[in-house]
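# A look at the structure
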Amino acid sequence: MAQWIERFADAIWSAPVIFVLFTVFVYITCKARFPQRRLPGAFAELFRGKGAYRAVSVNLSAVLGVGNIAGVAMAIAAGGPGAGLWGFVSGL
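Here goes a summary of the coordinates provided. (Residues numbered from 1 in each chain as written. Predicted model: local features only at pLDDT ≥ 70, side-chain atom pairs only at ≥ 80, totals over all residues. Heavy atoms only, no water.)

In this section: the overall build of the chain. Across its full length, the chain carries six helices and zero strands. In the chain, which comprises 92 residues, the proportion classed as buried is 10%. Roughly 7,500 Å² of accessible area belongs to the chain as shown, and the carbon and sulfur atoms make up 73% of that amount. (Helix = DSSP H or I, 4+ residues; strand = E, 2+ residues; numbered from the N terminus. Buried < 20%, exposed > 50% of the residue type's maximum accessible area, 1.4 Å probe, protein only. Areas by Shrake-Rupley, 256 points an atom, 1.4 Å probe, with all protein chains shown as cover.)

Below you can see the structure in the form of structure tokens.
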């Protein structure tokens, strides 16, 4: 069973799969017209002081999507803080 899981993990994290994930990321980013550019505005609202948590929450959910935020929270809950780090690295 352990060998099967190891082979499956090796297939999932192989170079072609990583390349496809990166290509899809670039394609969706271009089609969505680079939503990451709105993140500095969200963090600027955070430091202005009025409704900071609400402003950042609304801006992040608009830019990233609620499913992505919940997905990262679930990954961190299941896999620890390293899941967030590798999610960030793969996103870059």
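A few words on helix α2 (residues 15–31). Taking 1.5 Å as the rise per residue, α2 with 17 residues should run 24 Å; its terminal C-alpha atoms sit 24 Å apart, in good agreement. Backbone geometry just after α2 places R33 at a positive phi near 60°. (Expected span 1.5 Å × (residues − 1).)

The next subject is the packing of aromatic side chains. All chains considered together, the criterion is met by two aromatic pairs. Between F22 and F25, the ring centres sit 6.5 Å apart and the planes meet at 40°, which makes this aromatic pair tilted. Of this pair, F22 and F25 both sit in helix α2, three residues apart, which is roughly one turn of that helix. (Phe/Tyr/Trp six-rings, centres within 6.5 Å; stacked < 30°, edge-to-face > 60°.)

Turning our attention to a nonpolar patch on the surface. Among the surface-exposed residues, M1, W4, I5, F8, I12, W13, V17, I18 and L21 lie close enough to one another that they form a single nonpolar patch of about 980 Å² accessible area. Top contributing element to the nonpolar patch by residue count: helix α1 (residues 2–12), with four residues. Its place among the elements puts L21 in helix α2. (Patch = residues over 30% accessible without salt bridge, like charges linked within 9 Å, V, L, I, M, F, W, Y side chains within 5 Å. Salt bridge = Lys/Arg side-chain N within 4 Å of Asp/Glu carboxyl O.)

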